[in-house]
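Observations on the three-dimensional arrangement
Read off the chains here:
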Amino acid sequence: MPPPLQAHRLLISHRRLPTPARRRLTAVSSLQSAPATTLAPGPATSSILSIRESLLSGERTAANITSDYLSRLRRTEPSLRSFIHVADAAAEREAEELDRRIASGEKDAVGPLAGVLVGVKDNLCTKNMPSTGGSRILDGYRPAYDATAVRRLREAGAIVVGKTNLDEFGMGSTTEGSAFQVTTNPWDDSRVPGGSSGGSASAVSARQCVVSLGSDTGGSVRQPASFCGVVGLKPTYGRVSRFGLMAYASSLDVVGCFGSSVFDTATILSVVAGHDKMDSTSSSQDVPDYTSELVSLDLLESKPLNGLRIGIIQETLGEGVDTGVVSSIKGAASYLEQLGSVVDEVSLPSFSLGLPAYYILASSEASSNLSRYDGIRYGRQVSANDLNEIYGESRANGLGHEVKMRILMGTYALSAGYYDAYYKRAQQVRTLVKESFKDALEKYDILISPAAPSAAYKIGEKINDPLAMYAGDIMTVNVNLAGLPALVVPCGFVEGGPVGLPVGLQMIGSPFSEGSLLRVGHIFEQTLQNFSFVPPLLAER
Ligand SMILES: NC(=O)C[C@H](N)C(=O)O
């Protein structure tokens, strides 16, 4: 049995927090008594499994499960605004159809995701459902097809409950950059949920849906997962098809997953991952069942992580990182040691160079990708006949400030005379970043760091200071530059909001090591099972 977790090292100053959080935090010290036998995720650890079991046993109907989620969604949505579009009627219809198929004894009715409500980031195309990318320029656009990741979820039985809010085309870290609404954080409605996949993270955190899809170009899945206290996975570049994802920066973009447990996150990755003939950048590497290792985990073993070498990235715990975040991460590291791993500090010398390189490369690629929103192919905003006027007016009216700024920045970095000084140098930095990760991952199985330098901050705090906002991506962008997989798992709380604010631990692995990351994340999460990451919003209402 792992020795008891020293709660005071994992969590800062919880003595000063109000009672509900204190109760939750002290529960961690009861780890001595957890876990008992072979870890088989049950209702407490996997919403997907419990839905499946209750459908198979006839204990519940899909209509009944859907109505529970929808009523919570309706109750919480006025303050959260996680969704740009809620497909409640369609969800109810699909659930009834599923019940009908189950009742008539259809053999394949209960697919792996039968009756599971999924939120989909609104930069993923959904057939006959609005898909805006968070931008005015696509207001009213209804694609004729589903993105491959969405299609695969539906084929596995999932029900798409709606399209989640995001920073316009994924450009931002707070979801305030949406053209439609500001999403709030379920832990404190005066704070941001993170971004750009803020709607997908807040929706899972508030249990408005079971799991959700996001996209991650520079941290858009991992940072909101950390801010909202949920699990977020950024897969290896190429692991999941991007067919139907609105391109932002094609050498960095990946489709990622959110869940309230590692098991649920692993389940949806197993469904969406894999080669797709519609996306030639998708990998043809085999897709394992990412959940199979999780189920057979035997935690009777006293040191389940024996033999695992972990490097904690030195540069992520220094200046500019909140002290509360640093203590949570160090506490998590010492807990991983108690579980049997060896944790050493490792230096990635090019770490701080990644941020400027990312913003040059991402903006450069965006300046090209977003040229399709020209009023001809997409987003006509004027009735003029003059081509230049159509281009100009459509883009001026249809695109938001941050997007325009990045298009200008990217166009500048790519222009003759500046290309060598900016774009080319950024590509050289990218090579350095890749090499330093490669070296470190030869010595360590997993690298760890915070997912963000702070917990969720106030709405409006950074919206007029783009550089401060960009700086918040320091923990995540390097991983995209190197194309690596990374998993974020909630690991503690810092002070703030009514009951404290969650902090996420980022675990980074070699290409296609999602299985190992999920396994370690699962052990970490499950032995912290008395530590509740359910936001107060749900208890109160
Ligand atoms: N898209 C992302 O991954 C978010 C990042 N903050 C960006 O604005 O580029």
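Residues numbered from 1 in each chain as written. Predicted model: local features only at pLDDT ≥ 70, side-chain atom pairs only at ≥ 80, totals over all residues. Heavy atoms only, no water.

**Overview of the overall build of the protein chain**
Just so we agree on the cut-off: For the purposes of this entry, the term helix denotes a DSSP run of H or I that reaches at least four residues, the term strand denotes a run of E that reaches at least two, and both are numbered from the N terminus. Between buried and exposed lies partly exposed: a residue is buried under 20% and exposed over 50% of the maximum accessible area for its type, with that area taken using a 1.4 Å probe on protein chains only. What makes two residues a contact is simply this: any of their non-hydrogen atoms within 4.5 Å. All accessibility values rest on the Shrake-Rupley procedure with a 1.4 Å probe; residue burial counts only the protein chains present in the view.
When helices and strands are counted, the protein chain shows 19 helices and eleven strands. A burial count over the protein chain gives 61% of its 541 residues as buried. Taking all contacts inside the protein chain whose residues are at least 6 apart in sequence as the whole, residues at least 24 apart take part in 77%. When the accessible area of the protein chain is evaluated, it comes to approximately 19,800 Å², of which 51% is carbon and sulfur surface.

**Remarks on the sheet that holds strand β3 (residues 159-164)**
For clarity, the threshold we go by: Pairing between two strands is assigned when DSSP locates at least 2 bridges connecting them. Only the stretch in contact is used when a helix axis is fitted, and all axes are lines through C-alpha atoms; the angle between N-to-C directions ranges over 0 to 180 degrees.
One open sheet holds the eleven strands; their spatial order is β1-β3-β2-β4-β6-β5-β10-β11-β9-β7-β8, and the pairing between them is mixed. The open sheet is flanked by β1 (83-86) and β8 (342-346), the only strands paired with a single partner. Neighbour-to-neighbour, the strand axes of the sheet open up by a mean angle of 30°, direction not taken into account. Taken strand by strand, helix α5 (residues 88-103) contacts β1 and β3, and its axis lies near 165° from that of β3.

**Notes on the UniProt feature "active site" (unreviewed entry) in the protein chain**
Filter applied, for reference: UniProt positions are given in the numbering used here, feature names are shortened, and annotations may be inferred rather than shown by experiment. A pocket here means an open set of points on a 1 Å grid, computed over the protein atoms alone, that has protein on both sides within 12 Å along at least five of seven lines. A cavity is instead a set of points where a 1.4 Å probe fits but cannot get out; residues with an atom within 4 Å of a point line either one. Think of a polar contact as two N or O atoms within 3.5 Å of one another; within protein, one of them needs to be a possible hydrogen donor and the other a possible acceptor, and neighboring residues in sequence only count if both atoms come from side chains.
Annotation from UniProt places "active site" (unreviewed entry) at Lys121, Ser196 and Ser220. Spanning 100 residues, the named residues form one tight spatial group whose C-alpha atoms are at most 10.9 Å apart. Of the annotated positions mentioned, Ser220 line the largest cavity. Mapping Lys121 onto the fold places it in strand β2 (residues 117-121). Those residues in contact with Lys121 that sit more than four places away from it in its chain are Lys163, Thr164, Leu166, Ser196, Ser197, Ser200, Leu213, Gly214, Ser215 and Ser220. One polar contact links Lys121 to Ser197, side chain to side chain, over a distance of 2.9 Å. Summarising the element assignment, Ser220 is placed in the loop between β4 (211-216) and α8 (222-228). Here Ser220 is in contact with Lys121, Gly170, Gly172, Gly195, Ser196, Ser197, Ser215 and Phe258, once residues within four sequence places are set aside. One polar contact links Ser220 to Ser196, side chain to side chain, over a distance of 2.6 Å.

**Side note on the site of the ligand**
In plain terms, the rule: Near residues are defined by distance, with any heavy atom within 4 Å of the molecule or strand qualifying the residue.
Looking at the ligand, there are 14 residues lining it, with Gly170, Gly218, Ser220, Tyr358 and Asp473 nearest. Interatomic distance of 2.5 Å between a backbone N/O atom of Gly218 and an oxygen atom of the ligand. Tyr358 is positioned such that a nitrogen or oxygen atom in its side chain is 2.5 Å from an oxygen atom of the ligand. Protein chains bury 99% of the 270 Å² of accessible surface belonging to the ligand in isolation.

**Quick look at the nonpolar core**
Test applied: Only buried residues count toward a nonpolar core, which is a set of Ala, Val, Leu, Ile, Met, Phe, Trp, Tyr and Cys residues joined through side-chain atoms within 4.5 Å.
Within the largest apolar cluster, 142 residues are counted, with the highest numbers of intra-cluster contacts made by Phe169, Leu336 and Phe524. In this structure, Leu336 is in contact with Leu305, Ile310, Ser341, Val343, Ile448, Leu505, Val520 and Phe524, ignoring residues within four places of it in sequence.

**Notes on the packing of aromatic side chains**
Our working rule: Aromatic pairs are defined between Phe, Tyr and Trp rings, using the six-membered ring for Trp, whenever the two ring centres lie within 6.5 Å; interplanar angles under 30 degrees are classed as stacked, those over 60 as edge-to-face, and all others as tilted. Definition used: whenever NZ (Lys) or CZ (Arg) falls within 6 Å of the ring centre and also within 35 degrees of the ring normal, the charge is taken to sit over that ring.
Summed over all chains, the structure comprises 14 aromatic pairs. An angle of 10° between the planes, with centres 5.0 Å apart, marks the rings of Phe493 and Phe533 as stacked. Of this pair, Phe493 sits in strand β10 (residues 486-494) while Phe533 sits in the loop between α18 (514-527) and α19 (536-540), and the two are 40 residues apart along the sequence. Like Phe493, the residue Phe533 is buried in the burial classification. Through successive ring pairs, a cluster of aromatic residues spans Tyr141, Phe169, Tyr373 and Tyr378. Lying over the aromatic face of Tyr69, Arg72 brings its terminal NZ or CZ to 4.8 Å of the ring centre.

**A word on the confidence of the model for the protein chain**
Quick note on the threshold: Confidence of the predictor at the level of single residues is captured by pLDDT, which takes values from 0 to 100.
Looking at the protein chain as a whole, its pLDDT mean stands at 89, while 89% of the residues score no less than 70. pLDDT under 50 marks residues 1-44. Its contacts with residues more than four places away, or in other chains, come to 98 contacts.

**Some thoughts on empty space enclosed by the protein**
To find the voids left in a structure, one rolls a probe of water-molecule size over its atoms. As a reminder of what qualifies: Grid points are joined across faces, edges and corners, and a volume is the space filled by probe spheres set on the points.
Taken as a whole and assessed by the stated rule, the structure comprises one cavity of 30 Å³ or more. Put simply, the largest cavity is a space of about 80 Å³. Forming the boundary of the largest cavity are 14 residues, of which Gly170, Gly172, Ser220, Tyr358 and Asp473 lie nearest the centre.

**Things to note about α18**
In an α-helix, one full turn covers 3.6 residues, which means residues spaced three or four apart are oriented alike. As a reminder, the rule being used: Given the number of residues in a helix, its expected span is that number minus one, multiplied by 1.5 Å.
Compared with the 20 Å implied by 1.5 Å per residue over 14 residues, the 20 Å span of α18 between its first and last C-alpha is a close match. Counting buried positions over the 14 residues of α18 gives eleven, a clear majority of the element. Buried within α18 are the following residues: Glu514, Leu517, Leu518, Val520, Gly521, His522, Ile523, Phe524, Glu525, Gln526 and Thr527.

**Looking at the packing of helix α4 (residues 62-80) against α5**
Spelled out, the test is: Angles are sorted into four bins: roughly parallel if under 35 degrees, roughly antiparallel if over 145, roughly perpendicular if 65 to 115, and oblique for all others. Helix crossings fall into two classes, left-handed where the near helix is turned counterclockwise from the far one by less than a right angle and right-handed where it is turned clockwise. Put simply, Ala, Val, Leu, Ile, Met, Phe, Trp, Tyr, Cys and Pro go in the nonpolar bin, Asp, Glu, Lys and Arg in the charged bin, and everything else, Gly too, in the polar bin.
Here α4 crosses α5 at 160°, and the two axes come no closer than 8 Å. The pairing of α4 with α5 is recorded here as roughly antiparallel in orientation. Judged by the sense of rotation from one axis to the other, the crossing of α4 with α5 is right-handed. Counting all contacts with α4, which are made through Ala62, Ala63, Thr66, Leu70 and Arg74, the residues of α5 involved are Asp88, Ala91, Glu92, Ala95, Glu96, Leu98 and Asp99. Among the residues making up the contact of α4 with α5, the classes are represented as six nonpolar, one polar and five charged.

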